[in-house]
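As a plain string of letters, each chain reads:
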Amino acid sequence: MTQQAQQRAAEIARKTNETDIKLSFAVDGTGSVDIETDVPFLNHMLDLFAKHGQFDLKVEARGDVDVDDHHTVEDIGICLGRTLREALGDKTGIKRYASVLVPMDEALAQVVVDISNRPHLEYRAEYPSATVGSFSTELVHEFLWKLALEARITLHVIVHYGKNTHHMIEAVFKALGRALDEATSIDPRVKGVPSTKGVL
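Residues numbered from 1 in each chain as written. Predicted model: local features only at pLDDT ≥ 70, side-chain atom pairs only at ≥ 80, totals over all residues. Heavy atoms only, no water.

Visitor: Account for the pattern of salt bridges, naming residues and giving values.
Guide: Scanning the entire structure with this criterion turns up 13 salt bridges. A salt bridge links K146 to E74; the nearest nitrogen and oxygen atoms lie 3.2 Å apart. One end of the pair, K146, is in helix α3 (residues 138-151); the other, E74, is in helix α2 (residues 70-88), with 72 residues separating them in the sequence. Taking relative accessible area as the criterion, K146 reaches 13% and is therefore assigned buried. Here K146 makes a salt bridge to E142, at a shortest N to O gap of 2.6 Å. Of the two residues, K146 and E142 are both situated in helix α3; the distance of 4 residues between them amounts to about one turn of the helix. For E142, a relative accessible area of 16% translates into the label buried. Through salt bridges with shared partners, a single ionic network connects E36, D38 and R62. (Salt bridge = Lys/Arg side-chain N within 4 Å of Asp/Glu carboxyl O. Helix = DSSP H or I, 4+ residues; strand = E, 2+ residues; numbered from the N terminus. Buried < 20%, exposed > 50% of the residue type's maximum accessible area, 1.4 Å probe, protein only.)

Structure follows, in structure tokens:
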């Protein structure tokens, strides 16, 4: 994994017996997206995440989807989390916290984030269906947990209500993008890092 000089950006190449992933991520982007994976629904969600977070995201991923989508979704979460952590460096000047509510038609999702260096996920969501097309809804948790773990962030995700599973998950990914955009943004009033410990 490498951090690009003078930019809050990073890239990673990760290959296992189950997946082969190349991913680049820029915090201070314009919502430029180039995503090609074997999981179409995840492609859609990552597109929403990056566009609404104003991140630049490029993902090229191949995995053992003949088994199921689990390894591909999980490993993309790992790679995205690692590049986010790397891109933020020592976190100087960031706002650190954010709480965002996003509606998607009848659904309402909330994402609360702390760029804390303490990985934790609280996930409260009950979906009407177990799948969206061929995509298993349990993989949303898997993706978010690996993202939080590898980025070392505290992440709370709450789907307050909804009737359409696609809408509910879409609201989550939009809220995730907007919350991370806000939490990682630079506040000129912050000297060093926003922590009484002096480090994050």
